[in-house]
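Working through the structure, step by step
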Amino acid sequence: FFQKTLTAVKNWFTLFGWSKGQNPISIPYSLRRDVCKVQMTSSQEKVFNQNLDKDTMTVYDMVFHLSGQLLPGITLCQSLPLDPVERILQLHWQHSTLLAFLKSQGACLPHVMPEFLLEPDDYKKWIEVQTVLKVDVKNSDIFSDKHLFILEDRIFETMSKRAWTDVLLQVYKVFVLPCVSSRNISDLFSLESTQDMPRIKSEPLSSNIYSPYERTILTWLNKHYEKNRKTVWKDCQKGEAPPVRWIVNFDQDLLDGLVLAALMAAYCPYLINNHFVRMYTNPRTPEQFLHNCLILVNAMHAVSLAIDIKV
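Once a new chain begins, its residue numbering starts again from 1 and follows that chain's sequence as written. Per-residue local features are limited, in this predicted model, to residues with pLDDT of at least 70; the limit for side-chain atom pairs, both in listing and counting, is 80 or more; totals at the level of whole chains, interfaces and linings are taken over all residues. Note: side-chain values were computed over all heavy atoms of the structure, leaving out hydrogens and water.

**Here's the deal with the layout of surface pockets**
Method remark: on a 1 Å grid restricted to protein atoms, a set of points is classed as a cavity if a 1.4 Å probe fits but cannot get out and as a pocket if it is open with protein on both sides within 12 Å along at least five of seven lines; lining residues have an atom within 4 Å of a point. Grid points are joined across faces, edges and corners, and a volume is the space filled by probe spheres set on the points. Of the pockets and cavities examined, the largest pocket occupies roughly 2400 Å³. Lining the largest pocket we find 42 residues, and of these Ala-8, Tyr-172, Phe-250, Leu-254 and Ile-309 sit closest to its centre. Residue assignment for the lining of the largest pocket shows that the elements contributing at least two residues are helix H1 (2-16), helix H6 (153-176), helix H7 (212-232), helix H8 (258-267) and helix H10 (286-302). Only DSSP runs of H or I with at least four residues qualify as helices, and only runs of E with at least two residues qualify as strands; both kinds are numbered from the N terminus onward. Counting residues per element, the lining of the largest pocket draws most heavily on H1, which supplies 10 residues. When its residues are assigned to classes, the lining of the largest pocket shows 30 nonpolar, 6 polar and 6 charged. For this classification, the nonpolar set comprises Ala, Val, Leu, Ile, Met, Phe, Trp, Tyr, Cys and Pro, the charged set comprises Asp, Glu, Lys and Arg, and every other residue, Gly included, is treated as polar.

Printed below as a string of structure tokens:
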């Protein structure tokens, strides 16, 4: 389950998380590695900037693209000092700032410590700094061992992968989902054909699973399925029009492809005769489910909806 979640998150952020188009990422490897574009290099005479890669995209570029906000104290061309201790302290501060910023926007990340977002070698260096370096009182909050977790290499990798996955999920929750508009939510069921359908409440406390934005999307799915199911499959080759259904989740209710096909037909009606009339309207077997989903994915490709969804 976690691997499937990680794959879905990786695919979405690769395609839509960046301002300049697709940017392949790996969780947690590329996110941990690409944390700066400039390395500060010092000599006895001067201090100058050495460009690592102007095209390197960091997690800060992603957050800026999705939120329109810069993290406090962090620039898009963030640099790191050459000194190992100063470098690890700045990296830890940057990750702390990222987590604090996301939490201020409504992210739920109490289980993610800044050190979990570091690379393995940097994490070891952080532990060394925490346990060995002597500091004065004014810096004691930085080096407090109150929340110090010393993890083995294998456990740290698992923890880091989970932490970065959860960070990206929360980024999606606080910056992408709120783009769903509920302005016309009262009009979604104004059609005569949907008058008798149960309503999905949009109040924040009416569900402990889905946010108001997700429930708006469920309402949108219900509206288009009910409006289009008889139209899309009136000339169906493999059964009558599918029955009424109440769509209340994003997994079980979408498995047979019919709901998403009805949704696509609302915006691309020309797909009906070329694709959707060949779907099973009352699928029973795994083969029929597969058949429907093959048609659905082919329809996505036909309209260049290249979001890397596998059948």
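**Details of helix H4 (residues 84-104)**
Given 3.6 residues per turn, any residue in an α-helix points the same way as the ones three and four places further on. In this model H4 runs 30 Å from its N-terminal to its C-terminal C-alpha over 21 residues, within 8% of the 30 Å that 1.5 Å per residue would give. Among all positions in H4, only Ile-88, Leu-91, His-92, Gln-94, His-95, Thr-97, Leu-98, Leu-99, Phe-101 and Leu-102 are buried. Packing partners of the buried residues in H4 comprise helix H3 (59-67), strand S3 (79-80), helix H5 (120-132) and H6. Between N or O atoms, a polar contact is any pair within 3.5 Å; within protein, one atom must be a potential hydrogen donor and the other a potential acceptor, and residues adjacent in sequence are included only when both atoms are from side chains. For H4, the N-terminal capping position is held by Asp-83, with its side-chain oxygen 3.2 Å away from the main-chain nitrogen of Val-85. Within two residues after H4, Gly-106 carries a phi angle of roughly 110°, on the positive side. Given the number of residues in a helix, its expected span is that number minus one, multiplied by 1.5 Å. The buried label applies to any residue whose accessible area, calculated with a 1.4 Å probe on protein chains only, is under 20% of its type's maximum; exposed applies above 50%, and partly exposed to all values in between. Contacts were defined at the residue level, with two residues in contact if any of their heavy atoms lie within 4.5 Å.

**Some words on the environment of Asp-256**
Among the structural elements, Asp-256 can be located in the loop between H7 and H8. Excluding anything up to four places from it in sequence, Asp-256 contacts Arg-245, Met-279, Pro-283, Phe-289 and Asn-292. Reaching out from Asp-256, the side chain makes a polar contact with the side chain of Arg-245 at a distance of 2.7 Å.

**A word on unusual backbone geometry**
Following Ile-27, the chain continues into Pro-28 via a peptide bond in cis, with omega recorded as 5°. Tracing the chain through its elements places Pro-28 in the loop between H1 and helix H2 (29-33). Backbone geometry at Ser-304 places phi at a positive 60°, although glycine is not the residue there. In this structure, Ser-304 sits in the segment after H10.

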